[in-house]
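Notes for the structure review
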There are 2 protein chains.
Amino acid sequence: MELPVLINRLRSALENNTVQLLQDQLEDVHPADYAAAITEFSLEHLWMLLAALRRAEQAEVFGYLPAEVQVALAIRISRRKLAPIIRQMSSDERADLFNRLTAEQRETLLPALAQAEREDLLRLSSHQEGTAGAIMTSDYAILAPDINVLDALDVLRREAPDKETIYSAYVVDADRKLIGVVSLRELILAPAAMLVDELMNHDPIYATVEMAQEQVAAMVAKYDLLALPILNTEQQMVGIVTYDDAMDVAAAEATEDFHKTATIGKLDGNVKDASIGLLYRKRVFWLVILVFGNIFSGAGIAYFEETIASYLALLFFLPLLIASSGNAGAQSGTLMVRALATGDIKLRDWGSLLAKECLVAGLLGLTMSFAVVWLGWWRGGYDIAIVVAATMMLVVMVGSLVGLSLPFLLSRLKLDPATASGPLITSIADVAGVVLYFSIATWYLGL
Amino acid sequence: MELPVLINRLRSALENNTVQLLQDQLEDVHPADYAAAITEFSLEHLWMLLAALRRAEQAEVFGYLPAEVQVALAIRISRRKLAPIIRQMSSDERADLFNRLTAEQRETLLPALAQAEREDLLRLSSHQEGTAGAIMTSDYAILAPDINVLDALDVLRREAPDKETIYSAYVVDADRKLIGVVSLRELILAPAAMLVDELMNHDPIYATVEMAQEQVAAMVAKYDLLALPILNTEQQMVGIVTYDDAMDVAAAEATEDFHKTATIGKLDGNVKDASIGLLYRKRVFWLVILVFGNIFSGAGIAYFEETIASYLALLFFLPLLIASSGNAGAQSGTLMVRALATGDIKLRDWGSLLAKECLVAGLLGLTMSFAVVWLGWWRGGYDIAIVVAATMMLVVMVGSLVGLSLPFLLSRLKLDPATASGPLITSIADVAGVVLYFSIATWYLGL
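Residues numbered from 1 in each chain as written. Chains lettered and ligands numbered in written order. Predicted model: local features only at pLDDT ≥ 70, side-chain atom pairs only at ≥ 80, totals over all residues. Heavy atoms only, no water.

The subject of this paragraph is the overall build of chain A. Scanning chain A from N- to C-terminus turns up 21 helices and six strands. A globule of 447 residues ought to have a C-alpha radius of gyration of about 22 Å, yet chain A, at 30 Å, is considerably larger. Considering chain A as a whole, with its 447 residues, one finds that 54% of them fall into the buried category. The contacts in chain A between residues at least 6 apart in sequence include a share of 66% that link residues at least 24 apart. Put simply, chain A shows about 19,100 Å² of open surface, and 56% of that area lies on carbon and sulfur atoms. (Helix = DSSP H or I, 4+ residues; strand = E, 2+ residues; numbered from the N terminus. Rg over C-alpha atoms; globule rule 2.2 N^0.38 Å. Buried < 20%, exposed > 50% of the residue type's maximum accessible area, 1.4 Å probe, protein only. Contact = heavy atoms within 4.5 Å. Areas by Shrake-Rupley, 256 points an atom, 1.4 Å probe, with all protein chains shown as cover.)

Structure below.
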């Protein structure tokens, strides 16, 4: 159903007092769409529309609501009404909500949960943000190795309603150490009397709780997994990260890297909803830093004031020379930042990439020199043409090599290579461009 | 198993002529790892190591091999040996391989396939690149609405070995029109005698063959789907796109957008393997275009030559003023490009975002003016300080508003908003910076 149609249906249900019929009328609507539709209403109506659904669906829809709406509901709706929904939520979404509440609000929420849920919640929300532990869910299905396929299917059928997935089941020993993984597909194809131990894969792919979440997402993508088991330092199974959460992490990481390449700080949530103060804070830091970086370019110009004064025509070419240097640098820098983020290249590849970049940048420099030499000749004659062409060749190469190397350098220093943003590389390339241009001019024109 | 360990195992198997034992020794190794390991060997050894596996595993490993290795094998290995593997491959991977072969090589491959496979292959490879049709697979499980749950489970069990997934089953009518979807989880929880029609969701999420692949990936992520059914223009079911392919598409689209924001053309595959010629071609176009864009900045400087000649101290501030304008523009442009790509904002949001940007950019401009006014005073005295501060305020605002608006304008013109790259915005901001700076200076200093 299209979103506007759905919203109209909900509005007329509210007006006609037929909200209680919605659970049957709209049972085939995807919870993500229902969540998007009810977000258009006031908090009071939103809650009426949510409460009209069946319990399990309430929890699902709640999980798709924007974070700030979840928090607003958690604060406004009485604990007695909200607790059943929160109990039905998947453990990772519940932990996310919990982390967004104030200490005081958490204290109100906790007593509404059963002992086991409370412990699970506190355990999940204790992991550091950005790690596998912080995004994993503890609602996974486990099997013992010594039961047969028929019994295993029975276990999964019984556990299905409470688990995030039953399509992958994890086989653990008495110590809860992960010893294998088996898929529901393999189970339903296998002979009923076969032991799980004979059927399972004994060398499962896994990650550890403290692994960075982008690495976890990359593993899920690389191995086409439905879910990745997460182990603690004792090799015990403590959770899974499902493919849908991995997709969200990958998208969020890409957005963060995008913003970084334009010197914008980490911005959670939609830019449309971001406050003016937040946007200001995330942008101002690097803008100011780079002003001071650009003072060096200014100082370079000031140093060559005499050359400039006697050959003002040189100034005509200044913008295009320094911009070309920065643009070439932004290109090679962005290629490296993205390839390092996706794992396409490693730190050890720097040498071979540098060698290749010298050739690519050389060709680019030659082309660019050819593009400007005519311009130089037309505006300033033979000598200027030579200076401009030679400078172009050099600055394109310098810019490219700085752009290529900076992400590796940052990575080597254990900093995020994405900090090697376009603007940072451009600023460095600008300084190099000013100095090279006027040095060559001073020398060649004999000034 | 770690990759170096696996490679050593394979090497010693080759040396000791025990390759035939690998299928049992390494059956728990993930096909992606096996593929990565055998890629380290020569094509001849690679083939021996691949042929040593069981047939179904051969096809899986083959699917994980880099595209160029697949093509090399398809050309080098005799049709009789390769055909069984290609027949076992999933239909979307087979179509990808087929699309990479020359017309002549395709002619060799086709006769090796059965009639039905041949038709399926030709149908799949006929879809335009970048569409849902080009990435979908035709190996999906279908059910009739009028069978009961017990029979449905039986159908899925029978079809499991040949289907990409049996966790989602698609219910079609006699015309192959999609009328519902049901998950394996729902099936194993439902009473055996219940009809599929009663159990299924009657309003399934779907996409159409000609939909852009990034939209398909976004739908899979939004609705947390395992697979998205693809319909033709007659609403008939023709394929599915699975979550793992959607993840790959999302990553490739993010990479393409990253590269675009630095004016690099679409680059398939790993930058490490890209040839010098390819890298040159993908980078040279915009570099040269932007040179001509920067001529306007040069012309601006030339126009104000008199002002500059009489106040050379002004030049000191030129780099930092135009860089700040470009940096602020790159920030707002990147925020918009990414938010438009993820669907966080729509074309209609331009007005409200513009209003907010005016305030954010105003605050940023004030901060930046404050940062440079002292510098202006120190380098050039009171008058210069005023000119520099006023220019900074203006150029940060102009840069930000250009950066914000350009992606919307391009999107409105049905062009990719990512073309509003940092370098393009910087070039426009540079021209505005030069003209504003020297205009203000000429006017205020009474030159």
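From this point on, the discussion continues.
Residue and element names in this part refer to chain A. Mapped onto this structure's residue numbering, the UniProt feature "transmembrane region" (unreviewed entry) falls at residues 284-304, 310-337, 358-378, 384-410 and 422-445. Annotated as residues 284-304, this span is 95% helix and 0% strand, and its ends, taken at the C-alpha atoms, are 31 Å apart. Between the end C-alpha atoms of residues 358-378 there is a gap of 30 Å, over a span that is 100% helix and 0% strand. (UniProt positions renumbered as here; feature names shortened; annotations may be inferred.)

Residues and elements named next belong to chain A. The full count for this structure, using the stated rule, is 19 aromatic pairs over all chains. Between Tyr140 and Tyr170, the ring centres sit 6.4 Å apart and the planes meet at 80°, which makes this aromatic pair edge-to-face. Note that Tyr140 is positioned in strand β1 (residues 140-143) and Tyr170 in strand β2 (residues 165-172), a separation of 30 residues in sequence. In terms of burial, Tyr140 and Tyr170 fall into one category: buried. Feature note: the residues Tyr303, Phe304, Tyr437 and Phe438 constitute an aromatic cluster, connected by ring pairs. The ring centre of Phe98 lies 5.1 Å from the NZ or CZ of Arg106, which sits over that ring. Stacked on the ring of Phe316, the Lys or Arg Arg379 has its end atom at 4.1 Å from the ring centre. (Phe/Tyr/Trp six-rings, centres within 6.5 Å; stacked < 30°, edge-to-face > 60°. Lys NZ or Arg CZ within 6 Å of the ring centre and 35° of its normal.)

Taken together, the contact pairs 111 residues of chain A with 111 residues of chain B. Together, the buried faces of chain A and chain B total about 10,100 Å²; carbon and sulfur atoms form 67% of this surface. Taken as a group, Arg185, Phe258 and Arg283 of chain A account for 8% of the area that chain A buries against chain B, more than any other trio of residues on that side. Taken together, chain A and chain B are joined by six salt bridges. In this structure, Glu357 of chain B engages Arg283 of chain A in a salt bridge whose closest nitrogen and oxygen atoms are separated by 2.9 Å. Along the contact surface separating chain A from chain B lie 51 residue pairs in polar contact (both at pLDDT 80 or more). Among the elements that take part in the side of chain A that touches chain B, helix α17 (residues 276-303) of chain A stands out by supplying 17 residues, more than any other. Class assignment of the residues belonging to the side of chain A that touches chain B gives a composition of 68 nonpolar, 21 polar and 22 charged. (Buried area = accessible area lost by both parts, 1.4 Å probe. Salt bridge = Lys/Arg side-chain N within 4 Å of Asp/Glu carboxyl O. Polar contact = N/O pair within 3.5 Å; in protein donor to acceptor, adjacent residues only side chain to side chain. Nonpolar A, V, L, I, M, F, W, Y, C, P; charged D, E, K, R; others polar.)

Turning next to helix α4 (residues 43-51) of chain B. All names here are of chain B. Along α4, the residues classified as buried are Leu46, Trp47, Leu49 and Leu50. The buried side chains of α4 occupy one side of the element, clustering within an arc of 165° when seen end-on. In this structure, the buried side of α4 is in contact with α1 (3-15), α2 (22-25), α3 (31-38), α5 (55-64), α6 (67-76) and α7 (79-88). (Arc of directions from axis to C-beta.)

The next thing to look at is the relation of the copies chain A and chain B. Between chain A and chain B, which share one sequence, the superposing operator has a rotation angle of 180° and an axial displacement of 0.0 Å; the RMSD is 0.1 Å. The symmetry that links the two subunits is that of a two-fold axis. Both copies share a contact surface, since 100% of the interface residues of chain A are interface residues in chain B too. (Least-squares fit on C-alpha atoms with pLDDT ≥ 70 in both.)

The next subject is the pattern of salt bridges. All names here are of chain A. For the structure shown, the criterion picks out 22 salt bridges over all chains. Here Lys260 and Asp416 are joined by a salt bridge, their closest N and O atoms 2.4 Å apart. Here Asp416 lies in the loop between α20 (350-412) and α21 (422-444) and Lys260 lies in helix α16 (residues 243-261), a separation of 156 residues in the sequence. Overall, the relative accessible area of 30% leaves Asp416 in the partly exposed class. A single network of salt bridges, built from pairs that share partners, joins Asp24, Glu27 and Arg54.

Here the focus is the confidence of the model for chain A. Taken residue by residue, chain A gives an average pLDDT of 91. The fraction at 70 or more is 100%. Taken element by element, the predicted model of chain A shows its lowest mean pLDDT in helix α9 (residues 103-109) of chain A (82) and its highest in strand β5 (residues 227-231) of chain A (97). (pLDDT = per-residue confidence, 0-100.)

With that settled, the discussion passes to the UniProt feature "domain: CBS" (unreviewed entry) in chain A. All names here are of chain A. Mapped onto the present numbering, the UniProt feature "domain: CBS" (unreviewed entry) falls at residues 136-198 and 200-256. For residues 136-198, helix accounts for 32% and strand for 29%, while the C-alpha atoms at its two ends are 28 Å apart. Here residues 200-256 runs as 42% helix and 23% strand, with 38 Å between its end C-alpha atoms.

With that settled, consider the sheet that holds strand β1 (residues 140-143) of chain B. Residue and element names in this part refer to chain B. Taken in spatial order, the three strands make up an open sheet running β1-β2-β3, and their pairing is mixed. With partners counted over all chains shown, the strands left at the sheet margins are β1 and β3 (178-183), one partner each. Across the sheet, the mean angle from the axis of one strand to that of its neighbour is 35°, orientation sign disregarded. Docked against the sheet, helix α12 (residues 149-159) engages β1 and β2 (165-172), running at close to 155° with respect to β1. (Pairing = 2+ DSSP bridges. Axes fitted to C-alpha atoms, helices over the stretch in contact; angles between N-to-C directions.)

Summarising the element assignment, His30 of chain B is placed in the loop between α2 and α3. Excluding its chain neighbours within four sequence positions, the residues that come into contact with His30 of chain B are Ile205 and Tyr223 of chain A together with Tyr64 of chain B.

Here the focus is the side chain of Thr334 of chain A. Here Thr334 of chain A lies in helix α19 (residues 318-342). Given the relative accessible area of 8%, Thr334 of chain A is considered buried. Once you skip the residues sitting within four places of it in the chain, Thr334 of chain A turns out to touch Phe258, His259 and Ala262 of chain B.

Another point: the pairing of β5 of chain A. All names here are of chain A. Most of β5 is tucked away: five of the five residues are buried. By the bridge criterion, two bridges tie strand β4 (residues 207-208) to β5 in an arrangement that is parallel. Looking at β5, one finds that Thr208 is bridged to Leu231. The handedness of the β4 to β5 crossover, carried by helix α15 (residues 213-222), is right-handed. Where β5 lies against strand β6 (residues 237-242), five bridges are found, and the strand directions are antiparallel. (Right-handed = clockwise from strand over helix to strand, strands pointing away.)

Close contact between α19 of chain A and helix α16 (residues 243-261) of chain B brings their axes to 9 Å; oriented N to C, the two are set at 160°. By the criterion of interaxial angle, the relationship of α19 of chain A to α16 of chain B is roughly antiparallel. Between α19 of chain A and α16 of chain B lies a crossing of right-handed hand. Residues Thr334, Leu335, Arg338 and Thr342 of chain A of α19 of chain A lie in contact with α16 of chain B, whose contacting residues are Ala251, Ala254, Thr255, Phe258 and His259 of chain B. Residue composition of the contact of α19 of chain A with α16 of chain B, by class: four nonpolar, four polar and one charged. (Parallel < 35°, antiparallel > 145°, perpendicular 65-115°, else oblique. Left-handed = near helix turned anticlockwise from the far one by under 90°.)

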